[in-house]
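Fold and geometry: a report
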Amino acid sequence: MNPSTQLARVIVRQILEAGVKDVVISPGSRNAPLSLAFYQASKKGLINLHVRIDERAAAFFALGIAKASGLPVPILCTSGTAVANYHPAVLEASHTNQPLLVLTADRPASMRKTGANQTTEQARIFGKAVRYFADVSGSAYPMELPFNALHTGPVHLNIQFEEPLIGDGDDEWLNGLTISTPKIFARKSPGTFYTKSTRGVLIIGHDRGGLSAESVRKFSEDLGWPVIAEDPLSFSNAISHASVFLTSKAITDDLAPDTVVVIGRTTLSRSINAFIKMARKEIVIDPRLATVDSDRMAAQKFTQLPVVEVQPGDADYAEKWNKYSLRASKMIGDISTWSEALIAREIAANTPVGTSLFISSSRPIRDLEGFASARTGVETFANRGLAGIDGNISTALGIASQRKATIAVLGDLGFLHDLTGLIQKEKINLKIFVINNDGGGIFSTLSQRGVDGFEEVFGTPHGLDPAAIATSMGITASTVNSQVQLISELSAPVQGISVVVINAPDRNTNADFLKEIYSNISSM
C-alpha cells in the first residue's frame, strides 16, 4: 500500500469511528486517496457520500447538513483555487460555531514556491476562522485534537499527498470499526443571572447564538419577561411585530426598558438595536463570546444560559407590550395590498406544521421578523453568522437532505448567486420560494436610495426569469402573482426539488409601502 492511500484510510477510519454520517466531496486528482476511501466506506453503508462539482456550493451544502444534524461534516477538495472556494462557508461556520471539518488535498511541501502546477500556500489559508489547523504529511495522523476543536467551530487539515495517488481496491481496512458517540466535554458552571429589575425584556437573536430553541424557551419561561424574537416562528410566547411597532418613537419611549437580556446577536432591525441601547443595563448570553466575539461589550456576559434569580416582572409593563402587539397585529392582518410584507405574513402563517424553513438574508428574513405572527411547529434555519446571500440554495439543500420536507425563502439575487447549488442528483424534498423584485430590494429601504448611480451599483436589475432558469436546469418551476396562489403553493406537499417564483411589486413601490406601514404604526 502506498503512503498516500494509507494516510487517507487512517484519517477516514477515525472519522467513521467518531460517528460522522455525511461527507461532501468535490472532484479532483490530488484528493483521490481520500475520495476513494470515502467512496469505499459509502459502498458499505458506513457514510453518506455527497458529490458537488462547485466547492463553494459543496461547503455550504455541508454547512446545511451540520446545522440540521448537529454533527461534524467533512468537506474534501483538491488543491489550488478549490481550497479558496471553501472560504465563504468556513467564515459562516466560524461565526456560528458550526463543525465543518475542512480537508484540503495538497502537493508535498517541497513543491511549494517552485512553480509546480496547482500549488499555492494552502497552510493557514483560513486564518483565525478555524479553531484548529494542521499541515499533515506522512502515513498516519491522530484525529483527537481536530475532533476536540470541532466542538467550537470549523477545523482545517491540509493533507499532503505524494504520488502515486491510487492504491489497491481492498476494503478490509473498514472491518472492525468501533463507532463511538460524540464526546461531551465538561464545561464551566453556567453562572447565575441575578437582578432586581422588574422592567426587563428578553431579546433573542435569530440564531440564538447556537443555543437550542428548547433551552432558550425554558430560559424565557424562568425569566418571565416580555420576549422579542428575531425568529418569531420558534417562540410562540414572543411579542409579534415588535420590530415594526418599535419604529415609533412614542411607543419606544413608552416601553423603554431598565434591563435587556440579549441571547445571540441582533442583526435584523435598527429599531430593535436602538431599543437595546435605551436600556440602563445590557446582559449578553452567547457562546461566541469564547470564540469570535471576545471583545463584545455588556454589563454581564455569559457563554451559557445562566441560572435565573429575578423578581416578578412588572405586570403593567408586560400588558403594555401585549397592547401594542395586538394593535400592530390588527393593522398587519388588514394588509391586502400584494407586497413583500403580505408575502412574508402569509409564508409565516401557512407554512405547514412539521416543515423546516430556511430563510435567506437581506429582505426576506427582515420581513418575516416584522410581519410574522408568533407561532410554533416550524423549525427555522438561516445563515446569520455573516448574513451573506451566497450559498443559500446549497445550505437549504443540505438542511433538506436531513429532513422530510423543507421550504426555503430566497430573494432573487440570493437565488442567482448560488445556481450551481442546483446541480445535483440526490432525492431531496425542498421547495424554494424566490421573491423576485428584479434586483437588490433591500437597498431601496436604505439611505442609498436615490443617489446618482443607484440602479447600476445597488439596484442591479437582472431582467431574468428565475422560473425559466430553474426549468432549463431540469427543476420543476412555477410562478405566483397573488395571495391565493401563494397560499396554495405553501399548502401543497413538498416533493423533490421545485422552485416557486413570487413576482413582487417593484423595489421602490415596496419601499414606499413599508414607509406607509411605519407611518401608520406611529399614529396607531
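Reading the values: the criteria
The residue numbering used here restarts from 1 in each chain and proceeds along that chain's sequence as written. Only residues with pLDDT of 70 or above have their local features reported here, since the model is predicted, and side-chain atom pairs are shown and tallied only from 80 upward, although totals for entire chains, interfaces and linings are computed over all residues. Note that water and hydrogens are dropped before the side-chain values are worked out from all heavy atoms of the structure. Any two strands with at least two DSSP-identified bridges between them are counted as paired. Each helix corresponds to a stretch of at least 4 residues labelled H or I by DSSP, and each strand to a stretch of at least 2 residues labelled E; elements are numbered beginning at the N terminus. The axes used here are C-alpha line fits, helices contributing only the stretch in contact, and every angle between their N-to-C directions lies in the interval 0 to 180 degrees. Any angle that is under 35 degrees is reported as roughly parallel, and any over 145 degrees as roughly antiparallel; angles of 65 to 115 degrees are reported as roughly perpendicular and all others as oblique. Note on contacts: a residue pair qualifies if any of its non-hydrogen atoms lie within 4.5 Å across the two residues. Per-residue accessibility, obtained with a 1.4 Å probe over protein chains only, is compared with the maximum for each type, and a residue is labelled buried under 20%, exposed over 50%, and partly exposed between these values. Think of a polar contact as two N or O atoms within 3.5 Å of one another; within protein, one of them needs to be a possible hydrogen donor and the other a possible acceptor, and neighboring residues in sequence only count if both atoms come from side chains. The pocket and cavity definitions rest on a 1 Å grid over protein atoms only: a 1.4 Å probe that fits but cannot leave marks a cavity, an open set with protein on both sides within 12 Å along at least five of seven lines marks a pocket, and residues lining either have an atom within 4 Å of a point. Grid points are joined across faces, edges and corners, and a volume is the space filled by probe spheres set on the points. Just to be clear on terms, a salt bridge is a Lys or Arg side-chain nitrogen sitting within 4 Å of an Asp or Glu carboxyl oxygen.

1. Notes on the sheet that holds strand E10 (residues 259-263)
Here we have 5 strands laid out as an open sheet, ordered E9-E8-E10-E11-E12, and parallel in their pairing. Two strands bound the open sheet, and with one partner strand each, they are strand E9 (227-229) and strand E12 (300-302). With strand direction ignored, the average angle separating the axes of adjacent strands in the sheet is 15°. Sheet analysis places strand E8 (residues 200-204) next to E10, joined by 5 bridges and oriented parallel. By the bridge assignment, Val201 is partnered in E10 with Val260.

2. As for the packing of helix H3 (residues 55-69) against helix H5 (residues 87-94)
Between H3 and H5, whose axes approach to 8 Å, the crossing angle comes to 25°. Here H3 lies roughly parallel to H5, going by the angle between them. Contacts between H3 and H5 involve Arg56, Ala59, Phe60 and Leu63 from the first element and Pro88, Ala89, Glu92 and Ala93 from the second.

3. Comments concerning helix H12 (residues 340-350)
The element H12 is largely enclosed, with a buried count of 9 among its 11 residues. By the burial criterion, the buried members of H12 are Glu340, Ala341, Leu342, Ile343, Ala344, Arg345, Glu346, Ile347 and Ala348.

4. A closer look at the side chain of Asn31
With respect to the helices, strands and loops of the structure, Asn31 is situated in the loop between strand E1 (22-25) and helix H2 (32-43). Residue classification places Asn31 among the buried residues on the basis of a relative accessible area of 0%. Of the polar contacts made by the side chain of Asn31, one reaches the backbone nitrogen of Gly28; its length is 3.5 Å. Not counting the four nearest positions on each side in its chain, Asn31 is found in contact with Ser26, Leu76, Cys77, Thr78 and Ala105.

5. Regarding empty space enclosed by the protein
Applying the stated rule across the entire model yields 3 cavities of 30 Å³ or more. What lines the largest cavity is Ile228, Ala229, Pro232, Ile239, Ser240, His241, Ala242, Ser243 and Glu369. Of all the elements in the fold, those that place two or more residues in the lining of the largest cavity are E9 and helix H8 (242-245).

6. Focus: the pattern of salt bridges
Where charged atoms of side chains with opposite charge meet at close range, the side chains can pair. Across all of its chains, the model carries 22 salt bridges by this definition. Two residues, Asp334 and Lys330, come together in a salt bridge whose shortest N-O distance is 2.6 Å. On the accessibility criterion, Lys330 (53% relative accessible area) is exposed. For Glu489, the salt bridge goes to Lys431, with nearest N and O atoms at 3.4 Å. Residue Glu489 is found in helix H18 (residues 483-491), and its partner Lys431 is found in strand E17 (residues 430-436); the two are separated by 58 residues along the sequence. Its relative accessible area of 4% is what places Lys431 among the buried residues. Three or more residues are tied together by salt bridges with common partners; here these are Asp207, Asp286, Arg288 and Arg296.

7. Remarks on the environment of Gly191
Secondary-structure assignment places Gly191 in the loop between strand E6 (155-160) and strand E7 (192-195). You can call Gly191 partly exposed: its relative accessible area is 28%. Measuring from C-alpha to C-alpha, the distance between Gly191 and Lys301 comes to 10.0 Å, with 110 residues separating the pair along the chain.

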